[in-house]
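The primary structure of each chain is shown beneath.
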Amino acid sequence: MKLVNSSFYGGATKTSDIHQAIVRLGLRETQNLILAVSVRSVFRWMPKGQEAERDRLWRHCSLTGVLSRQINEKLGLGFKGEEFSAGLSHDLGRIMLAVGYPEVFSKLAAEKTNDETHLLILEQKMLGFTHPELGAWLTAMWNLPDELTEAIQYHHEPARAPKHAVLASIVSLAEEMANYMEATKSVEGIDLSNNPGWAFMCAQWEAVDNLDADLFANAVMTDAVPEAEALSILSSE
């Protein structure tokens with residue numbers, strides 16, 4: 001209810017009635033918020049002493065989910081919430097690293113970098129697998145949809161996804177935007193030219209390739225801010 005009554009989701013008056021909340025939000029938004037709360041609960045598995053990193057990781061995942069939705073809507077790709085789910089869940093493997101391999105997780109967190117390639121190389125060297133592979137294994141164990149598993153496993157190399165490369169590309173692009181926003185506190189100046197998700201979508205559709213990437217990215221990131229701020233309420237839960 002705290003989320004429903006936040007400035008982003010709420011109406012003129014607050015409500016404590018679940019039926020009124022569902023009517024206010026709509027079915028799709030309600031499903032997204034249920035997923036957000038469910039994923040947030042997984043973060044509680046992280047060990048004590050990792051509270052700051054836990055909250056940082058939650059804000060990163062929720063921002064990536066919101067950015068994924070904005071990308072889907074602005075490009076008219078036709079997903080119906082799968083993009084939000086994939087963006088929100090893309091770093092489940094990192095949570096599992098914190099739970100199962102806390103020393104390795106701490107060493108990786110101490111790197112203080114958004115260079116994903118560097119972190120993946122370190123994970124492979126230390127563990128013999130990467131956080132996308134671990135996250136995909138977990139979602140498969142939970143019998144979650146194949147498109148979610150693929151998006152998690154291949155969001156750093158979406159062109160390799162066997163069936164759901166577009167969804168993986170959305171998450172790839174959204175995560176780079178999230179990293180940029182977190183590092184610069186800005187929605188301007190990002191360079192998408194080396195992002196594999198953007199490259200894949202430009203190769204698939206001429207209309208995307210013809211877009212002004214700077215204007216597109218600015219619009220996506222700007223419109224994502226209010227909802228991401230609303231979801232950050234859960235970081236204190």
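Residues numbered from 1 in each chain as written. Predicted model: local features only at pLDDT ≥ 70, side-chain atom pairs only at ≥ 80, totals over all residues. Heavy atoms only, no water.

What's the story with the overall build of the protein chain in this structure? I'm lost.
A count of helices and strands for the protein chain gives 13 helices and 0 strands. For the protein chain, the N- to C-terminal ordering of α and β elements is α-α-α-α-α-α-α-α-α-α-α-α-α. Across the 237 residues in the protein chain, those meeting the buried criterion constitute 49%. Contacts in the protein chain between residues far apart in sequence, at least 24 positions, make up 63% of those at least 6 positions apart. Within the structure as shown, the protein chain displays about 11600 Å² of accessible surface, and the carbon and sulfur contribution to it stands at 54%. (Helix = DSSP H or I, 4+ residues; strand = E, 2+ residues; numbered from the N terminus. Buried < 20%, exposed > 50% of the residue type's maximum accessible area, 1.4 Å probe, protein only. Contact = heavy atoms within 4.5 Å. Areas by Shrake-Rupley, 256 points an atom, 1.4 Å probe, with all protein chains shown as cover.)

Would you mind going over the pattern of salt bridges with me for this structure?
Close approach of charged atoms allows side chains of opposite charge to pair. Using the criterion set out here, one finds 5 salt bridges in the structure. Here Asp-91 and Arg-94 are joined by a salt bridge, their closest N and O atoms 2.9 Å apart. For Arg-94, a relative accessible area of 11% corresponds to the buried category. Taken together, the shared-partner salt bridges connect Asp-91, Arg-94 and Glu-116 into one network. (Salt bridge = Lys/Arg side-chain N within 4 Å of Asp/Glu carboxyl O.)

When you look at a nonpolar patch on the surface in this model, what are you seeing that I'm missing?
On the surface, Trp-45, Val-99, Trp-137, Met-141, Trp-142 and Leu-144 cluster together into a nonpolar patch covering about 620 Å² of accessible area. Mapped onto the elements, Met-141 comes out in helix 8 (residues 131-141). (Patch = residues over 30% accessible without salt bridge, like charges linked within 9 Å, V, L, I, M, F, W, Y side chains within 5 Å.)

Sorry, what's going on with the packing of aromatic side chains here?
Any aromatic ring pair is given by two values, namely how distant the centres are and how the planes are angled relative to each other. With the rule as written, the count across this model stands at 2 aromatic pairs. For the ring pair Tyr-101 and Phe-129, a centre distance of 5.8 Å and an interplane angle of 65° mean the geometry is edge-to-face. Placement of the pair is Tyr-101 in the loop between helix 5 (92-100) and helix 6 (102-109) and Phe-129 in the loop between helix 7 (116-127) and helix 8, with a sequence separation of 28 residues. Given the relative accessible area of 35%, Tyr-101 is considered partly exposed. Relative to Phe-216, the ring of Trp-198 has its centre 5.4 Å away and its plane inclined at 25°; by these criteria the two rings are stacked. Here Phe-216 lies in helix 13 (residues 213-231) and Trp-198 lies in helix 11 (residues 196-204), a separation of 18 residues in the sequence. (Phe/Tyr/Trp six-rings, centres within 6.5 Å; stacked < 30°, edge-to-face > 60°.)

Teacher, can you tell me more about the nonpolar core here?
One broad trend across soluble globular proteins is that nonpolar side chains are buried collectively. Leu-67, Ile-71, Leu-173, Met-177 and Phe-216 are the most contacted members of the largest nonpolar core, which has 55 residues in total. Examining the composition of this core, we find that 10 residues originate from one element, helix 10 (residues 165-184), more than from any other. Discounting chain neighbours no more than four positions away, the residues touching Leu-67 are Ala-174, Met-177, Ala-178, Met-181, Val-220, Met-221 and Ala-224. (Core = buried A, V, L, I, M, F, W, Y, C linked by side-chain atoms within 4.5 Å.)

It is not clear to me how the packing of helix 8 against helix 9 (residues 146-153) should be interpreted in this structure. Could you clarify?
Two quantities define a packed helix pair, namely the angle between the axes and the distance from one axis to the other. The geometry of helix 8 relative to helix 9 is characterised by a closest axis approach of 7 Å and an angle of 170° between their N-to-C directions. Judged by the angle between their axes, helix 8 and helix 9 are roughly antiparallel. For the element pair helix 8 and helix 9, the recorded crossing hand is right-handed. Seen from helix 8, the contacting residues are Pro-132, Gly-135, Ala-136, Thr-139 and Ala-140; seen from helix 9, they are Thr-149, Ile-152 and Gln-153. When its residues are assigned to classes, the contact of helix 8 with helix 9 shows 4 nonpolar, 4 polar and no charged. (Axes fitted to C-alpha atoms, helices over the stretch in contact; angles between N-to-C directions. Parallel < 35°, antiparallel > 145°, perpendicular 65-115°, else oblique. Left-handed = near helix turned anticlockwise from the far one by under 90°. Nonpolar A, V, L, I, M, F, W, Y, C, P; charged D, E, K, R; others polar.)

Please clarify how the side chain of Thr-64 should be interpreted in this entry.
Tracing the backbone shows Thr-64 in helix 3 (residues 51-75). Assessed through its relative accessible area of 0%, Thr-64 is described here as buried. In this structure the side chain of Thr-64 is engaged in a polar contact, spanning 2.8 Å, whose partner is the backbone oxygen of His-60. When sequence neighbours within four positions are dropped, the list of residues in contact with Thr-64 reads Gly-87, His-90, Val-171, Ala-174, Glu-175 and Ala-178. (Polar contact = N/O pair within 3.5 Å; in protein donor to acceptor, adjacent residues only side chain to side chain.)

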